[in-house]
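Report on the structure
Chain residues, written in single-letter form:
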Amino acid sequence: MSLDWIYWAISWILLIWHSAWDAIGVPATAALGTNWAWILSIIFLVITVRVILFPVFVKQIKSQRAMQALAPQIKALQEKHKGDRETLQKETMELYRKEKANPLMGCLPMFLQIPVFLGLFHVLRRLNPDNPQPTIYGWTLDQFNSASNAKLFTAPISGRFGSSAAELSNLGANPTTVKVIAGILVLIMMATTYLTSRQMILKTGWAQDPQQRMIQRLMLYGIPASLLISGAIFPIGVIIYWVTNNLFTLGQQQWVLRKYPPPPTANLTTGSSSRTGTAARTGNNNRPGTGSKAAPQAKPSGLFGRTKANGAQPQAKPAVDTKALAPKPGAKPVNPKKGRPAKRQG
């Protein structure tokens, strides 16, 4: 299948934003070794795509909430069909269908961004002064030449960490500068990719379903690690796109997670039980030496065994006049038999 429509769409968005920055008055010449009009065009390409995909992102969050709500039922199925993988998978999929939950929805926004990433990769890879087709995908010759010479701190946006010395020489770039700039951006790309996955898992908890948990581990550790190798072939402009996309995701996730918080039963820790959940299961039985003191137990008091509120001070007893209760001089004892020895039984 031809991807020309993607290349046309990416080129059109880039050129529209570049024209907008030109109209605003962003200088076309380099400032601080950077052609900001083209850098801002790549950044706002990210914003354009993310705004378009925002409804899909909200559906992703809602699907994850549905999956979390089904976690107890999935765990019960795992216990019921332990050792019978085929039946477990069949009943799990039936549960998903019945509750209208889609475990693959969590990866949909990422999958939809892959064509955009590939399109930008192809478009930026073409930015070479020796390209025989500079005006393809709607570019004018002036726009193509301007983008081919666009730089970020003197490193061309079409340059790569793995570019040969001949390729960088053709772009008029210093190989050492390109490798330093590209290397720093790759590290930032890896860090922000890890943080976006970690933010989501910390807020939503680890999935109970083994397949979902495997996907979470892949996104948390596998993808950032793979960027250490694949980042060497990415043009600097593509890495700018990726880093900007990650920063946008961090902000967007923070907003959405506040608006659609995870259910109270969700485990908010990564792979361990929360303290609150542990206290609830153990009945809040605090033992001596654990560093926490048990709340004082209310003791029954009063006529009908009513309990006093915790921390309330006991009411003072009314003073008794002992002199008024003492027997008067010469008065007979109230119980004259008291104190006599008991009679023996014959």
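Our subject is the structure that appears above.
Presented here is a report on the structure given in the accompanying data block. These numbers come from a predicted model, not from an experiment. (Residues numbered from 1 in each chain as written. Predicted model: local features only at pLDDT ≥ 70, side-chain atom pairs only at ≥ 80, totals over all residues. Heavy atoms only, no water.)

1. What to know about a nonpolar patch on the surface
Where we set the bar: By definition, no residue in a patch forms a salt bridge, and every one has over 30% relative accessible area; like charges are joined within 9 Å, nonpolar side chains (Val, Leu, Ile, Met, Phe, Trp, Tyr) within 5 Å. Here the open area of atoms and residues is found with the Shrake-Rupley method and a 1.4 Å probe, where only the protein chains shown may cover a residue. Whenever Lys or Arg places a side-chain nitrogen within 4 Å of a carboxyl oxygen from Asp or Glu, that contact is recorded as a salt bridge. Burial status follows relative accessibility: with a 1.4 Å probe on protein chains alone, a residue under 20% of its type maximum counts as buried, one over 50% as exposed, and anything between as partly exposed.
Nonpolar side chains collect at one region of the surface, where M110, F111, I114 and L118 lie side by side and expose about 340 Å² of accessible area between them. Under the relative-accessibility criterion, L118 is labelled partly exposed at 40%.

2. Side note on the packing of helix α5 (residues 108–125) against helix α10 (residues 236–259)
What counts is decided by this rule: Only C-alpha atoms enter the line fits that serve as axes; for helices the fit covers just the stretch in contact. Angles between N-to-C directions range over 0 to 180 degrees. Comment: elements are numbered from the N terminus, with helices defined as DSSP H or I runs of at least four residues and strands as E runs of at least two. Oblique is the label for any angle not under 35 degrees, not over 145, and not in the 65 to 115 range, which are roughly parallel, roughly antiparallel and roughly perpendicular in turn. Residues count as neighbours in contact if any of their non-hydrogen atoms are within 4.5 Å of one another.
Where α5 meets α10, the closest approach of the two axes is 9 Å, and the angle between their N-to-C directions is 150°. Between α5 and α10, the crossing angle belongs to the class labelled roughly antiparallel. Contacts from Q113, V116, F117, L120, F121 and L124 in α5 reach G237, V238, Y241, W242 and N245 in α10.

3. Examining unusual backbone geometry
The phi dihedral of F153 is positive, around 50°, even though this residue is not glycine. For F153, the location among the structural elements is in the loop between β1 (151–152) and β2 (155–156). Judged by relative accessible area, F153 falls into the partly exposed class, the value being 39%.

4. What about the side chain of Q199?
Let me state the cut-off plainly: Think of a polar contact as two N or O atoms within 3.5 Å of one another; within protein, one of them needs to be a possible hydrogen donor and the other a possible acceptor, and neighboring residues in sequence only count if both atoms come from side chains.
With respect to the helices and strands, Q199 occurs in helix α8 (residues 175–204). According to the relative accessible area criterion, Q199 is buried, its value standing at 15%. Of the polar contacts made by the side chain of Q199, one reaches the side chain of Q253; its length is 2.4 Å. Ignoring any residue separated from it by four or fewer positions in sequence, one finds Q199 in contact with T249, L250, Q253, Q254 and L257.

5. What to know about the pattern of salt bridges
What the rule picks out here adds up to three salt bridges. In this structure, E94 and R97 form a salt bridge, with 2.5 Å as the shortest nitrogen-oxygen distance. In this pair, E94 and R97 both sit in helix α4 (residues 85–99), three residues apart, roughly one turn of the helix. For E94, a relative accessible area of 41% gives the class partly exposed. With its nearest N and O atoms 3.2 Å apart, the salt bridge here joins E167 to R160.

6. Observations regarding the packing of aromatic side chains
Each aromatic ring pair is described using two quantities: the centre-to-centre distance and the angle formed by the ring planes. As a reminder, the rule being used: Any two of the Phe, Tyr and Trp rings considered here, Trp counted by its six-membered ring, make a pair once their centres fall within 6.5 Å; the pair's planes then place it as stacked at under 30 degrees, edge-to-face at over 60, or tilted in between.
Counted under the stated rule, the structure contains 13 aromatic pairs. With centroids separated by 6.1 Å and ring planes inclined at 85°, the aromatic side chains of W8 and Y137 adopt a geometry described as edge-to-face. On the criterion of sequence distance, the pair formed by W8 in helix α1 (residues 4–24) and Y137 in the loop between α5 and α6 (141–148) is long-range, its members being 129 residues apart. Aromatic side chains W17 and W21 sit 6.1 Å apart centroid to centroid with 25° between the ring planes, which places their arrangement in the stacked category.

7. What about the nonpolar core?
Basically, it comes down to this: As used here, the term nonpolar core means buried Ala, Val, Leu, Ile, Met, Phe, Trp, Tyr and Cys residues forming a set that is joined through side-chain atoms within 4.5 Å.
If you look at the biggest cluster of nonpolar residues, it comprises 46 residues, and the most contacted ones within it are L120, W139, F234, I236 and Y241. Looking at this core, the elements with two or more residues in it are α1, α2 (36–69), α5, α6, α8 and α10. Apart from the residues lying within four places of it in its own chain, the contact partners of I236 are L152, A155, P156, I157, G159, V178, I181, A182 and L185. Among the nonpolar cores identified, the runner-up in size contains eight residues, and L77, L95, Y96 and A101 belong to it.

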